[in-house]
Amino acid sequence: MQMRSFEYKYFLLAMFAFLIVSCSHVDEVTPRKYLAFVVADLELQRNAISKALLSDKDVPIAGSLVWRPTDGTKTPPPDFGWITRAGVIFVHNEKFGVILVQEPKIINGKVIWSCVVHPTSAKPKLCD
């Protein structure tokens, strides 16, 4: 009877080890993580907008958002992206169900960016 108990324990241990190996951790992209990638990838656009606003010029990249991921992560492009003449950036991604709005404001000679995200639970730390 003890032998069966011993075999059963090793069987369970082997199954547990198999499950751990076969269910390896996958770095899943959540809506929050997706928006963190997007906010980081929009740095070049924000810099161009800031430069134009500080020199009292029209935003040269206004119109449809041209997607250029900067960090090599191959962030999926948004389904919709737009930059207004005032420099406001709109991004929407249907797969992740998120909307991002980044708005520049000139305060004391510096461009400060506000960040609005829907749903708010997807707001990345980069937007704080």
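As the structure is a computational prediction, the values presented were derived from the model and not from experiment. (Residues numbered from 1 in each chain as written. Predicted model: local features only at pLDDT ≥ 70, side-chain atom pairs only at ≥ 80, totals over all residues. Heavy atoms only, no water.)

Novice: Where do I start with unusual backbone geometry in this structure?
Specialist: Backbone phi values are negative for most residues with the exception of glycine, while trans is the configuration of most peptide bonds. A cis amide bond links His118 to the next residue, Pro119, at an omega of -5 degrees. Relative to the assigned elements, Pro119 resides in the segment after strand 5 (110–118). At Asp56, a position not held by glycine, the phi torsion is positive, near 55 degrees. Positive phi, close to 55 degrees, is recorded for Asn108, a residue that is not glycine. (Helix = DSSP H or I, 4+ residues; strand = E, 2+ residues; numbered from the N terminus.)

Novice: Please explain helix 2 (residues 31–41) as it appears in this structure.
Specialist: Within helix 2, burial applies to Tyr34, Leu35, Val38, Val39 and Asp41. Projected down its long axis, helix 2 carries its buried residues within an arc of 165 degrees, all on one side. Each element contacted by the buried residues of helix 2 is listed here: helix 3 (43–54), strand 3 (89–93), strand 4 (98–107) and strand 5. (Buried < 20%, exposed > 50% of the residue type's maximum accessible area, 1.4 Å probe, protein only. Arc of directions from axis to C-beta. Contact = heavy atoms within 4.5 Å.)

Novice: Quick question: what am I supposed to make of the packing of helix 2 against helix 3 here?
Specialist: Angle between the axes and distance between the axes are the two parameters that describe a pair of packed helices. Between helix 2 and helix 3, the least distance of the axes is 5 Å, while the angle of their chain directions is 45 degrees. On the basis of their axis angle, the class for helix 2 and helix 3 is oblique. Judged by residue contacts, Val39, Ala40 and Asp41 of helix 2 engage Glu43, Gln45 and Arg46 from helix 3. Tallied by class, the residues present in the contact of helix 2 with helix 3 amount to two nonpolar, one polar and three charged. (Axes fitted to C-alpha atoms, helices over the stretch in contact; angles between N-to-C directions. Parallel < 35°, antiparallel > 145°, perpendicular 65-115°, else oblique. Nonpolar A, V, L, I, M, F, W, Y, C, P; charged D, E, K, R; others polar.)

These figures capture arrangement, not role.
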